[in-house]
Amino acid sequence: MTQDIIIDTDPGQDDAVAILLALASPEIRVLGITAVAGNVPLSLTQLNARKICELAGRRDIPVFAGCDRPMRRALVTAEHVHGNSGLDGADLPAPTMPLQDAHAVDFIIDTLRARPAGSVTLCPLGPLTNIATAFARAPDIVGRVQRVVLMGGAYFEVGNITPAAEFNIHVDPEAADMVLRSGAEIVMMPLDVTHQVLTTRARVQALRDIGNRVGQTVAALTGFFERFDRQKYGSDGAPLHDPCVIAWLLAPHLFQGRHVNVEIETTSALTLGMTVADWWGVSARPANALFMGSVDADGFYSLLTERLARL
Ligand code: BDR
Ligand code: CA
């Protein structure tokens, strides 16, 4: 059965790969892409989302611009990771497909109200500002969401933008807190998982060897993204964070995790945006998320490579 999803995103090279994986997969129908400020400002994330749709030959996907800053804070961006464009590494042409007139938050609300309850999955790949704003403005939609499958947080891997916090959660911790408390079914792909799916030279070469424009573009994008992580972590390649969300929809057996309580630190200056996951079950707090801990990385890259070859 086809899964209907909305991708909420701040492209971002790894966001781009996630979008391509979704668009390459017949099991998934992308109802729309909602852009949010994150890796780079909104003016670029909405532009990049359209560039990626056009790369996939999918000018029919509606792309919406959403919130241009976190709910209660100034925007923190990550050009040091993604480059000034957000998609440095590949020179994609300016998109000609239009940006939709509606606001992303209205699109999320209207879609969830219009579609059968429990039939639409939200896939946030950036700060949770659009999702939390939609939930706050229209609490009736929370119960209509099939589930929220998001990239964000960390437990054992702790932080990548501060010593204690992962970027997506750190940028808008109040939004993350609202989503985690919403009661929606939540699946989280934290750094604990994404740091296992590294763009080794052999895996990037396999993507390049697909031989189509998408494979070559993805190889170029990951090559840029990687230079930062290779220096930072000393690892063989960069983590391909956001595609884990789409891969879970397609092949959940590749991932393993635990249903645990996850709470967000919203006040401490030192640990702002930390995802306090009760991995060991030491609190009595109820589980509110399926928090992933491991992934079959080779299986993930086989899936990705096979799918991108279809575009
Ligand atoms: C997350 O932050 C961004 O830099 C990536 O696109 C990913 O969504 C990883 O912490
Ligand atoms: Ca992202």
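Because the structure is predicted, anything quoted here is derived from the model rather than measured.

Q: I tried to follow a nonpolar patch on the surface on my own but got confused; where do I start?
A: On the surface, a nonpolar cluster with roughly 390 Å² of combined accessible area is contributed by Phe156, Trp280 and Val282. Within the secondary structure, tryptophan 280 is located in the loop between β9 (275-277) and β10 (289-295).

Q: I'm lost on helix α12 (residues 297-308) in this one. Help?
A: Residues lying three or four places apart along an α-helix face the same way, a consequence of the helix completing one turn every 3.6 residues. With 12 residues, α12 should cover 16 Å at 1.5 Å per step; its first-to-last C-alpha distance of 16 Å lies within 8% of that length. Where burial is concerned, most of α12 is hidden: 9 out of the 12 residues are buried. For α12, the complete set of buried residues consists of Ala297, Gly299, Phe300, Tyr301, Leu303, Leu304, Thr305, Arg307 and Leu308. You can read the cap of α12 off the contacts: a side-chain oxygen lies 3.3 Å from the backbone nitrogen of aspartate 298, and it is on aspartate 296.

Q: How do you make sense of the coordination of the calcium ion (ligand 2) when you look at a structure like this?
A: Taken together, Asp10 (OD), Asp15 (OD), Asp15 (OD), Leu125 (O) and Asp242 (OD) make up the full set of protein donors to the calcium ion (ligand 2), lying 2.2 to 2.6 Å away. In primary sequence terms, the donor set of the calcium ion (ligand 2) follows D-x4-D-x109-L-x116-D. Placement of leucine 125 in the loop between β4 (120-124) and α5 (129-137) and of aspartate 242 in the loop between α10 (213-233) and α11 (243-250) is noted, with a sequence separation of 117 residues between them. For the residue pair leucine 125 and aspartate 242, the accessibility class agrees, reading buried in each case.

Thresholds, definitions, all that
Residues numbered from 1 in each chain as written. Chains lettered and ligands numbered in written order. Predicted model: local features only at pLDDT ≥ 70, side-chain atom pairs only at ≥ 80, totals over all residues. Heavy atoms only, no water. Patch = residues over 30% accessible without salt bridge, like charges linked within 9 Å, V, L, I, M, F, W, Y side chains within 5 Å. Areas by Shrake-Rupley, 256 points an atom, 1.4 Å probe, with all protein chains shown as cover. Salt bridge = Lys/Arg side-chain N within 4 Å of Asp/Glu carboxyl O. Helix = DSSP H or I, 4+ residues; strand = E, 2+ residues; numbered from the N terminus. Expected span 1.5 Å × (residues − 1). Buried < 20%, exposed > 50% of the residue type's maximum accessible area, 1.4 Å probe, protein only. Polar contact = N/O pair within 3.5 Å; in protein donor to acceptor, adjacent residues only side chain to side chain. Donors = N, O, S within 2.8 Å, 3.2 Å for Na, K, Ca; no water.

Function-wise, these values are silent; they only describe arrangement.
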